[in-house]
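# Remarks on the overall topology
Below are the chains, spelled out letter by letter.
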Amino acid sequence: MAFERTYRLGDSGPAVAEIRSKLAVVGLLAGEPPAPAATSAPFDADTDRAVRAFQQQRGIAVDGIVGPATYHALDEARWRLGDRILFYVPARLMAGDDVAALQQRLLDMGFDCGRVDGLFGVETEQSLREFQRNVGVRADGTCGPATFKALSQLARTVVGGLPHAMRESEAINRAGPTLSGKLVIVDPGHGGTDPGVLAHRLDEGDLVYDLASRVEGRLTATGSSAFLTRGPDGGARESPSEADRAGFANAAGADLLISLHVEAHPNPLASGVATYYYGNDRYGHYSAVGARFAGLVQREICARTDLVDCRTHPVTGDLLRRTRMPAVRIEVGYLTNPGDAARLADPAFRDVVAEAVVAAVQRLYLPPDQDAQTGFLRIPELRADSRG
Ligand SMILES: [Zn+2]
């Protein structure tokens, strides 16, 4: 979509009018009549407050700025189940709160549509057909009037999301404790024409590529397969989008995805490591295994380094939302912080972080009675164990 620039407090114009009308539709801008015909409007303090409230609800970084992520989320938020006919469009999945509502209803009734992500994908279509067969509606996988009627006649029975969370955990348990044979996608953020954060003569794209290679090397040593989502920076090539990276991991049928980034902040005092997993407070849904994996990564990194612990958080970015396997995004320190930058510049430090990440991967698959103490798992030892 052609929404490339960003809008913030103090801006005005037709795009701001559109943003205000969308905020009104989702009930966050009181007293504002939805006025798509308005040609210009100010991005005032009320708009700023409404944007921040919306971002908070949706798990988007709360900065009051409307860029592509916030704009698309606003666009999706206006749909209520029954507003439009829903069906599977392979090239461009239908997205919106109506899709999330449908998924929640299907899950509540025991039809496995994967997770509640608001995207009408192949799993949603399959479980919708299953539902249609069960209630005697033509099983065409399209959510139209007859299906809306069938849905509204069936009351909610169980609290949502649980079936998927249980299946996700089962898949991890079934996979067994050894890393041998597992496929892990390691995603160095940015790359190509997008360097990411530039600070203290360091380049995020290069830094996370180096870190990803170290993680990949250790994973390979444990007998698992690891693929990177991109090569080292080759100059003019465009950086793959988050959706492309997620598509790559899905097509490969990966068991896990680990995305690597570093943070930036205008205040050089901001520092520390944080780990993110898929979760959406508004849909009341999150990846249970993703949350556990993020917790392990965060604890292992904090135990082995002196980075400040900025904890784990649920978010909804494209990469974590569109991946079908448990996935985490690690922001390994602030490149704008002199201390964190000095740490990241040191290859020995990057080795320690890589080992922490792989230890977390191993611990995710260990049954509770075999789990190791945080900070103590050594990857070469693991290899000997899995052979013995
Ligand atoms: Zn980044």
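Residues numbered from 1 in each chain as written. Predicted model: local features only at pLDDT ≥ 70, side-chain atom pairs only at ≥ 80, totals over all residues. Heavy atoms only, no water.

The subject of this paragraph is the packing of aromatic side chains. Here the structure, examined in full by the defined rule, presents one aromatic pair. Ring centres of Phe111 and Phe131 lie 5.7 Å apart, and the angle between their planes is 85°; on these two criteria the pair is classed as edge-to-face. With a gap of 20 residues between them, Phe111 in the loop between helix H4 (97–108) and helix H5 (122–135) and Phe131 in helix H5 connect regions that are remote in the sequence. Assigned by exposure class, Phe111 and Phe131 land together as buried. A cation over an aromatic ring shows up here: Arg5 above the ring of Tyr7, its NZ or CZ 4.2 Å from the ring centre. Seen from the ring of Trp79, Arg84 lies directly overhead, with NZ or CZ sitting 4.0 Å from the centre. (Phe/Tyr/Trp six-rings, centres within 6.5 Å; stacked < 30°, edge-to-face > 60°. Helix = DSSP H or I, 4+ residues; strand = E, 2+ residues; numbered from the N terminus. Buried < 20%, exposed > 50% of the residue type's maximum accessible area, 1.4 Å probe, protein only. Lys NZ or Arg CZ within 6 Å of the ring centre and 35° of its normal.)

Compared with the 27 Å implied by 1.5 Å per residue over 19 residues, the 28 Å span of helix H13 (residues 347–365) between its first and last C-alpha is a close match. Of all 19 residues in H13, 15 are buried, a share of seventy percent or more. The residue sitting at the N-terminus of H13 and contributing the capping side-chain oxygen is Asp346; that oxygen lies 2.9 Å from the backbone nitrogen of Ala348. (Expected span 1.5 Å × (residues − 1). Polar contact = N/O pair within 3.5 Å; in protein donor to acceptor, adjacent residues only side chain to side chain.)

Looking at the element boundaries, Leu296 is found in helix H10 (residues 288–304). Taking the C-alpha atoms as reference, Leu296 lies 8.5 Å from Val357; in sequence the two are 61 residues apart. If we ignore the near neighbours within four places in the chain, the residues touching Leu296 are Ala360, Arg363 and Leu364. (Contact = heavy atoms within 4.5 Å.)

A word on the environment of Leu320. Position of Leu320 among the secondary structure elements: in helix H11 (residues 318–322). The buried category is assigned to Leu320, whose relative accessible area is 3%. Sequence spacing of Leu320 and Gly279 is 41 residues, and the spatial spacing of their C-alpha atoms is 8.6 Å. When sequence neighbours within four positions are dropped, the list of residues in contact with Leu320 reads Arg115, Tyr276, Tyr277, Tyr278, Val315, Ala327, Val328 and Arg329.

This paragraph deals with the coordination of the zinc ion. Within the protein, the atoms that donate to the zinc ion are His190 (NE2), Glu204 (OE) and His261 (ND1), at distances of 2.1 to 2.2 Å. In primary-sequence terms, the residues that donate to the zinc ion follow H-x13-E-x56-H. Remark: His261 occurs in strand E7 (residues 256–263) and His190 occurs in the loop between strand E3 (183–188) and strand E4 (198–199); sequence separation between them is 71 residues. You can call His190 buried: its relative accessible area is 18%. (Donors = N, O, S within 2.8 Å, 3.2 Å for Na, K, Ca; no water.)

All we've got here are geometric facts, nothing functional implied.
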